[in-house]
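One-letter residues, chain by chain:
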Amino acid sequence: QVQFVESGGGLVQPGASLRLSCAASGLTFSTWVMNWYRQTPGNQREPVATISSLGSRSNYADSVKGRFTISRDNTRDTVYLQMNSLQPEDTAVYYCNAVEKYGLNYRPVSSWGQGTQVTVSS
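The following paragraphs examine the structure supplied in this document. This structure is a prediction, so every number in the text was calculated from the model and none was measured.

### A look at the state of the cysteines
- Under the defined criterion, the tally for this structure stands at one disulfide.
- The disulfide partner of cysteine 22 is cysteine 96, and the S-S distance across this bridge is 1.7 Å. Note that cysteine 22 is positioned in strand E3 (residues 18–25) and cysteine 96 in strand E9 (residues 92–102), a separation of 74 residues in sequence. Each of the two residues, cysteine 22 as well as cysteine 96, counts as buried.

Okay, structure coming up:
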């Protein structure tokens, strides 16, 4: 059974940083492309960042480019999201998932974890 456990969220002020972690189990982690997503109330989950299976390539949503960095440790089956210069619009629940290519995009392949809440407020 595939599981993702996200952690590292919290309440921070604008301009602060957070590092999210997502521990995966039940899959051969090193063979999967991984995404971070975020969701705000009433909205769909949106992809934030993508990292290739071996970590050599990454892509970001325009809204976070230059501020967020995705990375992974395949020895720990964990993907990370370093978030710098956080802004109130980054407030959301953040999730990770393994993804597969779907046309020009990626789609998640497993059920979702509980996510981790990030709140940016002064």
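### Some points on the nonpolar core
- Counting residues in hydrophobic clusters, the biggest one holds 27 residues, and the most contacted among them are Trp36, Val79, Leu81, Met83 and Tyr94.
- For this core, the elements supplying multiple residues, two or more each, are E3, strand E4 (33–39), strand E5 (46–51), strand E7 (68–73), strand E8 (78–83), E9 and strand E11 (116–120).
- Not counting chain neighbours up to four residues away, the residues in contact with valine 79 comprise Leu20, Ser21, Cys22, Phe29, Met34, Trp36, Ile51, Ile70, Ser71, Arg72 and Cys96.

### Quick look at the pattern of salt bridges
- The tally for this structure, following the rule as stated, stands at six salt bridges.
- One salt bridge connects aspartate 90 with arginine 67, and the closest N-O pair in it is separated by 2.7 Å. Highlighted residues: aspartate 90 in the loop between E8 and E9 and arginine 67 in the loop between strand E6 (58–60) and E7, separated in sequence by 23 residues.
- The buried category is assigned to arginine 67, whose relative accessible area is 16%.
- The closest approach of N and O atoms between aspartate 73 and arginine 76, which form a salt bridge, is 3.3 Å.

Procedures and definitions
- In this numbering scheme, every chain counts its residues from 1 along its sequence in written order.
- Given that the model is predicted, a residue must reach a pLDDT of at least 70 before its local features are reported, and side-chain atom pairs must reach 80 or more before they are shown or counted; all residues, however, enter totals for whole chains, interfaces and linings.
- Side-chain figures throughout are based on the complete set of non-hydrogen atoms in the structure, without hydrogens or water.
- Throughout, disulfides are identified as pairs of cysteine sulfur atoms within 2.5 Å of each other.
- A run of H or I in DSSP counts as a helix once it spans at least four residues, and a run of E counts as a strand once it spans at least two, with each numbered from the N terminus.
- Think of it in three bands: residues with accessible area under 20% of the maximum for their type are buried, residues over 50% are exposed, and the middle band is partly exposed, with areas taken using a 1.4 Å probe on protein chains only.
- Here, nonpolar core means buried Ala, Val, Leu, Ile, Met, Phe, Trp, Tyr and Cys residues that are tied together by side-chain atoms lying within 4.5 Å of each other.
- Whether two residues are in contact is decided by their heavy atoms, any of which lying within 4.5 Å being enough.
- Here, a salt bridge means any Lys or Arg side-chain nitrogen found within 4 Å of an Asp or Glu carboxyl oxygen.

Interpretation in functional terms is not warranted from these geometric data alone.
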